[in-house]
Structure formats: C-alpha cells, structure tokens
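Summary of the model geometry
Given next are the chains, with one letter for each unit.
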Amino acid sequence: MACYDCSLQYSQFRKQFRDQPIASHQLVQEKLVWMISEITKAQLLALQVGRLKDVGKAKPWHVSMAKRNNVWMALECARMAATFWAATVSPTSIHLPPHGQPGVGETYEGTHDIHTLIIGEHITGYAAF
C-alpha cells in the first residue's frame, strides 16, 4: 500500500507535458489501476484464508497460495512504483519506503518456489520436493 500511495501522490504532484500532472496520462493511470487491483485481490485472498482459519478449515496450501501471491504482488508493485521516479531521480534517491525498494523481501515468508511445490503437491497429489 505504501508503494501505491507514494506513486499516486507523486503522479498527482509531478507535472510534465503542457504542465499537466502525470496522473492525467493513460499509461500512468494503467499502472495505478494495476497496482490497486492486485492489492485488492491480495487483500481478499488474505481475508478468505483468515476466514478458513477461523472455522478450522485452512490448509497449508491455502497459506502457501496467499503467501506466494501476496509477496509476488508486493514486489511487482514496488518495481512498478520505482518506474514513477525513474526519469527524475537516481535509483539511490527513490522516495519509496525501504520495504518498497525493488528486491527487498524477495524470499521472506518462504520462497516462491517452495510455496509453488506445496500448491503443486496439493493439486497433483505428488510431492516434488
């Protein structure tokens, strides 16, 4: 959310081409729409897994699915947010919070590959690890 919020605020502040905010440009809007759509889907996935846990029906693959998806989404949002500043500042002075820097948290909460194998075992019936 911090990456999205920073990107939205910056796009409303930064002016370019006819002194218009970059938020008025189609490709900038597309990036913002993508980020908030993915964030909302990730929140809904986490909510559903939480609801399953509340009724004692959450399985390890549910948790892996949420972790795998939500870490991927957060990293993609961070990468996309960095493109908002790419033309105006050096990579070392991007104003994203530290957790929003691309590459940070790449493997926390278990690796993408391990979660893939947990989900794969559930859907195929075969352990591949």
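First things first, this report covers the structure right here in the doc. Residue numbers run consecutively from 1 along every chain, following the written order of its sequence. With the structure being a predicted model, the display of local features is reserved for residues of pLDDT at least 70 and the display and counting of side-chain atom pairs for 80 or more, all residues being used for whole-chain, interface and lining totals. Side-chain metrics rest on all non-hydrogen atoms present in the structure, leaving aside hydrogens and water.

Points about the pattern of salt bridges
Just to be clear on terms, a salt bridge is a Lys or Arg side-chain nitrogen sitting within 4 Å of an Asp or Glu carboxyl oxygen. Summed over all chains, the structure comprises 2 salt bridges. In this structure, Lys41 and Glu38 form a salt bridge, with 2.8 Å as the shortest nitrogen-oxygen distance. Placement of the pair is Lys41 and Glu38 together in helix α2 (residues 26–54), with a separation of 3 residues, close to one helical turn. Ionic pairing is found between Glu76 and Arg79, a salt bridge with its closest N-O pair at 2.7 Å. The helix count covers DSSP runs of H or I at least four residues long, the strand count covers runs of E at least two residues long, and both are numbered beginning at the N terminus.

Notes on the packing of helix α1 (residues 2–13) against helix α3 (residues 60–85)
To get an axis, a line is fitted to the C-alpha atoms, and for a helix only the part in contact is used. The angle between two axes follows their N-to-C directions and goes from 0 to 180 degrees. Direction vectors running N to C along α1 and α3 enclose 20 degrees, while the axes themselves pass 9 Å from each other. In terms of their interaxial angle, α1 and α3 are classed as roughly parallel. The element α1 and its partner α3 pack so that their crossing is left-handed. Each of Cys3, Cys6, Ser7, Tyr10 and Ser11 in α1 lies in contact with α3, whose residues at this interface are Cys77, Ala78, Ala81, Phe84 and Trp85. Following the grouping adopted for this structure description, the nonpolar residues are Ala, Val, Leu, Ile, Met, Phe, Trp, Tyr, Cys and Pro, the charged ones are Asp, Glu, Lys and Arg, and the polar ones are all others, Gly among them. Taken together, the residues that form the contact of α1 with α3 break down as 8 nonpolar, 2 polar and no charged. Here is the rule for angles: anything less than 35 degrees is roughly parallel, anything more than 145 is roughly antiparallel, 65 through 115 is roughly perpendicular, and the remaining ranges are oblique. Crossing handedness follows the turn of the near helix against the far one: under a right angle anticlockwise gives a left-handed crossing, and clockwise gives a right-handed one. Residues are treated as being in contact if the distance between any of their heavy atoms lies within 4.5 Å.

Notes on α2
For α2, with 29 residues, the first-to-last C-alpha span of 42 Å sits near the 42 Å given by 1.5 Å per residue. When accessible area is computed with a 1.4 Å probe and restricted to protein chains, residues below 20% of their type maximum are described as buried, those above 50% as exposed, and intermediate ones as partly exposed. Among the residues of α2, Val28, Leu32, Met35, Glu38, Ile39, Ala42, Val49 and Leu52 are the ones counted as buried. Looking at the buried side of α2, the elements it contacts are α1 and α3. One or two residues past the end of α2 sits Gly56, with phi positive at roughly 75 degrees. Multiplying one less than the number of residues by 1.5 Å gives the expected span of a helix.

Structural notes on unusual backbone geometry
The phi dihedral of Phe17 is positive, around 55 degrees, even though this residue is not glycine. Summarising the element assignment, Phe17 is placed in the loop between β1 (15–16) and β2 (20–21). The backbone of Arg18 shows a phi angle near 60 degrees, a positive value even though the residue is not glycine. Along the chain, Arg18 turns up in the loop between β1 and β2.

Re the environment of Ile39
Looking at the element boundaries, Ile39 is found in helix α2. By relative accessible area, which is 5% here, Ile39 ends up buried. Taking the C-alpha atoms as reference points, Ile39 and Tyr4, 35 residues apart in sequence, are found 8.8 Å from one another. Among all residues touching Ile39, those that are not within four sequence positions of it are Met1, Tyr4, Met73 and Cys77.

Things to note about the packing of aromatic side chains
Centre distance and the angle of the planes are the two values used to describe a pair of aromatic rings. Aromatic pairing here means that ring centres of Phe, Tyr or Trp (its six-membered ring) are within 6.5 Å. Orientation follows from the plane angle: under 30 degrees is stacked, over 60 is edge-to-face, and everything else is tilted. Evaluated as defined, the whole model comprises 1 aromatic pair. Between Trp34 and Trp72, the aromatic rings sit 6.1 Å apart at their centres with planes inclined by 80 degrees, giving edge-to-face as the arrangement. Placement of the pair is Trp34 in helix α2 and Trp72 in helix α3, with a sequence separation of 38 residues. Judged by relative accessible area, Trp34 falls into the partly exposed class, the value being 23%. The cationic tip of Lys31 hangs over the ring face of Phe84; the distance from NZ or CZ to the ring centre is 5.9 Å. Our definition puts a charge over a ring when NZ of Lys or CZ of Arg is within 6 Å of the ring centre and also within 35 degrees of the ring normal.

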